[in-house]
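For reference, the chains in residue letters:
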Amino acid sequence: MCINTPVNTILGPLVAEDDRIATNLLEHVISENPNRMRIDVLSNHTNFSRVLYEYGFDLVSTPPVMTYNGMKLPERNGNLY
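Asks: Got a sec to walk through the overall build of the chain? Specific residues and values, please.
Replies: Summing up its helical and strand segments, the chain has 2 helices and 3 strands in all. Its helices and strands in sequence order give the chain the pattern β-β-α-β-α, from N to C terminus. Taking as baseline every contact in the chain between residues at least 6 positions apart, the subset at least 24 positions apart corresponds to 66%. Of the roughly 6,500 Å² of accessible surface on the chain, 54% is carried by carbon and sulfur atoms. Between the averaged position of the 6 positive side-chain charges in the chain and that of its 9 negative side-chain charges there is a distance of 9 Å.

Right, dumping it as structure tokens:
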């Protein structure tokens, strides 16, 4: 669920059925990891983003998401955090 790098621990992506489950996963990971952490969150998860602010995460950047042949990808079900 995490990748440790020299700069920080990269968390995710989380796969959960809803914000509550994603938050439970987040709580478990941050309780076990004292390092600086980074998580990339899709913009449609606004409630989960608010939870991240409550846990002390800060918005650092909003990189563009780009795909090639993206129309061929299956429709997303909202479970990727």
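Asks: Hey, could you go over the packing of aromatic side chains for me, with residue numbers and the actual values?
Replies: One pass over the full model with this rule turns up 1 aromatic pair. Where F48 meets Y81, the ring centres are 5.1 Å apart and the plane angle is 75 degrees; that geometry is what we call edge-to-face. Taken together, the residues span a long stretch of sequence, with F48 in helix α2 (residues 46–54) and Y81 in the segment after α2 at a distance of 33 residues. Note on accessibility: F48 and Y81 belong to one class, buried.

Asks: For the side chain of N33, give the residues involved together with the corresponding values.
Replies: By the secondary structure assignment, N33 is in the loop between α1 (19–32) and β3 (37–39). Here the side chain of N33 touches T9 through a polar contact of 3.3 Å, side chain to side chain. When sequence neighbours within four positions are dropped, the list of residues in contact with N33 reads N4 and T9.

Asks: How would you summarise the environment of P34 if you had to cite specific residues and measurements?
Replies: Mapped onto the elements, P34 comes out in the loop between α1 and β3. A sequence separation of 43 residues divides P34 from N77, and the C-alpha atoms of the two residues are 32 Å apart.

Asks: Break down the nonpolar core for me, citing the residues and quoting the values.
Replies: A general trend in soluble globular proteins is that nonpolar side chains are found buried together. Counting residues in each nonpolar core, the largest one holds 13 residues, and the members touching the most others are L11, L26, I39 and F48. Of all the elements in the fold, those that place two or more residues in this core are α1, β3 and α2. Once you skip the residues sitting within four places of it in the chain, L26 turns out to touch L11, L14, F48, V51, L52, Y55 and F57.

Rules behind the numbers
- Residues numbered from 1 in each chain as written.
- Predicted model: local features only at pLDDT ≥ 70, side-chain atom pairs only at ≥ 80, totals over all residues.
- Heavy atoms only, no water.
- Helix = DSSP H or I, 4+ residues; strand = E, 2+ residues; numbered from the N terminus.
- Contact = heavy atoms within 4.5 Å.
- Areas by Shrake-Rupley, 256 points an atom, 1.4 Å probe, with all protein chains shown as cover.
- Lys, Arg positive; Asp, Glu negative; His and termini not counted.
- Charge placed at Lys NZ, Arg CZ, Asp CG, Glu CD.
- Phe/Tyr/Trp six-rings, centres within 6.5 Å; stacked < 30°, edge-to-face > 60°.
- Buried < 20%, exposed > 50% of the residue type's maximum accessible area, 1.4 Å probe, protein only.
- Polar contact = N/O pair within 3.5 Å; in protein donor to acceptor, adjacent residues only side chain to side chain.
- Core = buried A, V, L, I, M, F, W, Y, C linked by side-chain atoms within 4.5 Å.

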